[in-house]
Amino acid sequence: MKATTPASPIPRRHLGLAALAMVASTALPALAQSDWPSKPIRLIVTGPAGGTADTLARLLAEGLQQELKQPVIVESKAGASGALGIHELKASGKSGYTFLVIQDGALSEAPLAQKVSYDPFKDLTPLAQLTRTGLVMVANPGLPFQNLQEFIGYARKQPDGVDFASYATGFKGHTSGMQLGQLAKINLRHVGYKGSPPALVDLMGGHIPVMFDGLTTSLPLIRSGKIRALAAVSPTRLQALPDVPTFKELGYPQLSKSGWFAVWSHPQAPAAIQQKLRELALAHFRKPAVLKQLATIGMEPGQPVTTAEMMADLKDASQKQAALLKSIGYTPEN
């Protein structure tokens, strides 16, 4: 048998050079990110100025600017139920200088209600849950009902049904009304708006009788008596409206899922930057001054859940939403 010639040993000096090269290549990403941020950061929101996402993004921007010593620009990409903002993140987010503030329904609900060109579970990553809140069903106070039971009685007497508004087609404000109509056996016809502010203007003006809205935009008007709260879509009563019953209390437990807002990243943004932004966002939204501000707009603090936990919640909500849309024969919009 022919003897096998042993491999030539690598000279010690070559080993040292190889080790140095390995260390250098491993350290390169960290070194490249050590000066982050070296330019302004963008926070994309998918609603108009004054909306919930815009309010939360500006709170987050204040905290990030204080810690990072760089400008943080809040930029609106409203329209298409969040798709414009999501596409902006896909196009610009890899570098770690563009992030998105949006609610969970943009990923678990909107893609089921309309055709989209993004994958809600692959094209962006939730970094930190900023707040939790429930929707509230509100009404023009001049109409002849004071509470949910009276509204249902009123709706059953309307031969052509009753219009209701939401801040965007395909989101929970839309589907909650659809579900209530199904459960209470009343004809509710959806009228979608581009954000809460224009819908609330029409509600106060008497052009729309009722609406499902986020508490951030509705709360000041409820407190001033310009609109009336009928019921809350939440597992428990909202801290900001302790006298308003939940749908669950009123016999509609199907309408009890609260929502949440988060800051999202492009999944291919540098991991160290994603982690840093998550830590800063969670810390800022636990500060007493910020918690006080959240309470004034009807928001409750989010939980320090992980990305995996948020994604699991999104997938569960998406499955339930798909079943709801199927049960009412809803066809996705083009």
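First, a word on scope: everything that follows refers to the structure included in this document. Everything quoted here is computed from the prediction, not taken from an experiment. (Residues numbered from 1 in each chain as written. Predicted model: local features only at pLDDT ≥ 70, side-chain atom pairs only at ≥ 80, totals over all residues. Heavy atoms only, no water.)

**With respect to the sheet that holds strand 5 (residues 135–139)**
Selection rule: If DSSP finds at least two bridges between two strands, the strands pair. Note on conventions: DSSP H or I runs of at least 4 residues are helices, E runs of at least 2 residues are strands, and numbering of each starts at the N terminus. Lines fitted to C-alpha atoms define the axes here, with helix axes fitted over just the stretch in contact, and angles between the N-to-C directions of these axes take values from 0 to 180 degrees. We call two residues in contact whenever any of their non-hydrogen atoms come within 4.5 Å of each other.
Taking strand neighbours across the sheet as the criterion, the five strands line up as 7-6-8-5-9 in an open arrangement whose pairing is mixed. The open sheet has two edge strands, strand 7 (188–192) and strand 9 (228–233), and neither has a second partner. The mean angle between the axes of side-by-side strands here comes to 25°, regardless of whether they run parallel or antiparallel. Where strand 6 (residues 162–166) meets strand 7, five bridges bridge the pair, whose relative direction is parallel. Each residue of the ladder has a partner; that of Ala 165, found in strand 7, is Val 191. Across the sheet, helix 9 (residues 215–223) touches strand 5, strand 8 (210–214) and strand 9, and the angle it forms with strand 8 is around 120°.

**Brief notes about unusual backbone geometry**
Geometrically, the link from Trp 36 to Pro 37 is a cis peptide bond, its omega value of -5° lying close to zero. Within the fold, Pro 37 resides in the loop between helix 1 (12–33) and strand 1 (41–45). Of note, the phi angle at Lys 69 is positive, near 60°, even though the residue is not glycine. Tracing the backbone shows Lys 69 in the loop between helix 2 (52–68) and strand 2 (72–76). In the Ramachandran plot, Lys 185 falls in the positive-phi region, its phi being about 60° despite a non-glycine side chain. Mapped onto the fold, Lys 185 is located in the loop between helix 7 (172–184) and strand 7.

**A look at the packing of aromatic side chains**
Cut-off, in case you're wondering: Put simply, two rings from Phe, Tyr or Trp (the six-membered ring, in Trp's case) pair if the centres are within 6.5 Å, and we call them stacked under 30 degrees between planes, edge-to-face over 60, tilted for the rest. Relative accessibility thresholds used throughout: buried, under 20% of the residue-type maximum; exposed, over 50%; partly exposed, between the two (1.4 Å probe, protein chains only). A ring is scored as having a charge over it whenever the NZ atom of a lysine or the CZ atom of an arginine sits within 6 Å of its centre and within 35 degrees of its normal.
By the definition in use, this model includes six aromatic pairs. Pairing Phe 164 with Phe 212 gives two aromatic rings, centres 6.1 Å apart and planes at 85°, and the pair type is edge-to-face. With Phe 164 in strand 6 and Phe 212 in strand 8, the pair connects residues that are 48 residues apart, well separated along the chain. Both residues of the pair, Phe 164 and Phe 212, count as buried. By way of ring pairs, the aromatic residues Phe 145, Phe 151 and Tyr 154 are connected into one cluster. Above the face of the Tyr 97 ring, Lys 39 is positioned so that its terminal group lies 4.8 Å from the ring centre. Above the ring of Phe 121, the side-chain terminus of Lys 315 is found at 5.8 Å from the ring centroid.

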